[in-house]
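Coordinates in review
Listed below, chain by chain, are the residues.
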Amino acid sequence: MQKLNKNSLDLTKENISKLKQIFPDIFCEDKIDFEKLKENLGEFIEESEEKYQFNWFGKKDSNKIALTPTSATLRVDKNSSKSWNETENVYIEGDNLEVLKVIQKAYYKKVKMIYIDPPYNRNADVIYEDDYSDNLKNYLSMTGQIDEEGNPLTTNTEKSGRKHSNWLNMIYPRLKVARNLLKADGVIFVSIDDNEVANLRKVMDEIFGEENFVGILSVENNPKGRKNSKFISVSSEYCVVYAKNKEISYFIENIPKNMNDMSLDENGNYIHNSGKRVLVGENSFNKEVLNFNSEKHYSVYYNKVKNKLIIKNENSINEINEFLTDKGYKRFISFKENKFVDNTYTFKKLLELFENNALIFTENKIFEKNFNNKIRIKSILKNIFYDALINNKKEKFKIDLKTTSANELLKKIFGIKDLFKAPKNVNYIKLLITLLAEKDFLVLDFFSGSATTANAVMELNAEDGGNRKFILVQIPEPTDEKSEAYKAGYKNICEIGKERIRRAGEIINEKLKMDNGKLDIGFKVFKLDSTNIIEWDTNVDDLKKDILESGDVIKSDRSDEDLLYEILLKQGIALNSKIEIKEILGKKLYIVENGKVTLFFDEINIEIAKQIVELLKDKKDDLNILFLKDKSFSTSEEKVNIKELFKQMNIFDRIVTF
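Rules used throughout
- Residues numbered from 1 in each chain as written.
- Predicted model: local features only at pLDDT ≥ 70, side-chain atom pairs only at ≥ 80, totals over all residues.
- Heavy atoms only, no water.
- Axes fitted to C-alpha atoms, helices over the stretch in contact; angles between N-to-C directions.
- Helix = DSSP H or I, 4+ residues; strand = E, 2+ residues; numbered from the N terminus.
- Left-handed = near helix turned anticlockwise from the far one by under 90°.
- Contact = heavy atoms within 4.5 Å.
- Pairing = 2+ DSSP bridges.
- Core = buried A, V, L, I, M, F, W, Y, C linked by side-chain atoms within 4.5 Å.
- Buried < 20%, exposed > 50% of the residue type's maximum accessible area, 1.4 Å probe, protein only.

Here the focus is the packing of helix H12 (residues 426–433) against helix H13 (residues 452–464). Taken N-terminus to C-terminus, the directions of H12 and H13 make an angle of 65 degrees; their axes are 9 Å apart at the nearest point. Along this stretch, H12 crosses H13, giving a crossing that reads as right-handed. Between H12 and H13, the residues in contact are Val426, Ile429, Lys430 and Ile433 and Thr452, Thr453, Asn455, Ala456, Val457, Glu459, Leu460 and Glu463, respectively.

With antiparallel pairing, three strands are arranged side by side in an open sheet as E13-E20-E19. Edge strands, defined here as strands with exactly one partner in the open sheet, are strand E13 (277–280) and strand E19 (359–361). Here the average twist between neighbouring strands, direction ignored, is 35 degrees. Bridge count between E19 and strand E20 (residues 366–368): three bridges; the pairing is antiparallel. In the sheet register, Ile360 faces E20, and the bridge partner there is Phe367. Those strands touched by helix H10 (residues 347–355) are E13, E19 and E20, and its axis lies near 90 degrees from that of E19.

One finds Leu74, Ile92 and Leu599 to be the most contacted residues of the largest nonpolar core, which totals 73 residues. Sorting elements by how many residues they give to this core places helix H7 (residues 163–179) first, with eight residues. Aside from chain neighbours lying at most four places away, what touches Ile92 is Leu74, Val99, Ile103, Ile471, Leu472, Val473, Gln474, Phe526 and Leu575. Within the second largest apolar cluster, 57 residues are counted, among which are Val241, Leu401, Val426 and Ala451.

Distances and angles like these do not, on their own, reveal function.
Written out as structure tokens, the structure is:
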């Protein structure tokens, strides 16, 4: 039997393992020989003391924070959740760095899109203080779960003298850990203003690679501009975009075209008036024909009256087929300076377009009709409202990026004015999500604030039938006692976010006349906390005494479900996994993902073991693990007999105890 690993994914060990696969010769007795590593890297090593690099006060500790595993866990909060048994969405309360570490194994390379709106570092808006020795203690102190001795979270101010360094020390480890959660073709969007946009670019170049920089969007969130600006009335902020691997990531065209730019062709289909591609005709871009047997070298003869097209292979510009021209056919060729150049497509592709009525014949050129009714997003995002072509018909289309509109929506949802400071606009987040072609993927937002991202995901799924899921993470930052939110009973930001998801989901369902079975408007709530297992908790004094007095290694205030999800996370299984609960002699057996993992937390005997075998005999999976407490066996003899039974029946690949 094996022992369960108490910690989150150890990124240092992961990196060393990858290095060992690439350069096995640099390891000697499991230590890295850096001289050999330098030899392997050859000319790519920079020996000079003067080199391009980005440093700040605290960077080494910031990196250490990112690489330090955690034994923390997430505890179940069903009372705050909605549709717990049906939903695949997740809302997590806690310090986001610690949470990102906790979910590393379960969501490693599973997130398609990350959107975050971190603090912009304006005077006193950074509330995160990281301590690599015990980051969890900071969080527990802030939320009142322990006393304020130790390391309470503090607020960053201009007076600190290291405004930019403090902000970088906050954002760096979070981005570094978050990158591991992105799929190979995943993308990350980070909202920011001009206080830290330059530093953010440098940090993301280092973490994601300069080669994976996609672009910076200028987002017009305040068209009227800030009235208190001394030099420039600032009307926009930025969104910095990076891919995990730019070579395989891509965005689709997602902005509907303006009806003023469209016209009907002879078959009643809408086509774009400009930007049509020249397929055959005078062309200064295509290469001169050197192989006259190429599939891209041909002449086109077209009879407009008969709507017939004939392809001919001709070796001379002056080699005109008079037989066809006499019968009313017009000749089209691609040329430059009296020489043939390649046509844009092969003759097979051209014939296919002709059959689909996708060609436009002018006096001396053949164009491809542009049936696409969408255009690519521009780097300058402006608020616009126009008649657009949507689903081949005229509809109103709006890009609304304004913070004022976001506030109006919150007022509509809650009936309270000024509930949240500077929320993001739902339409803006939806616009970013629709850059991705798929409609079934996971969106992560670990600075979730008022939960705009959840609102956007639900609304978009309702509109296009998608099955996108969200994970939101937010530290329960207290609301100001003088604020409208506090007066309305919302004592921290998480309470606002969760209530928004509940209310927004119901509004979406009502608006679209959908029932809950068709649209996932629920969410599972989890709260960051210390581990459920006493032996793993470094903050508990006199561990041996506690264990002896309790008779169990599990903390007395923790439930079986708390323990269940801690084990699943440490095993690398997602929080929204399918869980069956079976009763055996009044005790619960948890079967996860059709038997991939099975957990039993009560005392076990040979009779219970036989019933477990009976329940699981038809659920054999590629990976099948049983988790039991060390104290589940009444005697050593019972332990041996049960282990032998499981071995004979070949039900479990592994049995793990804790």
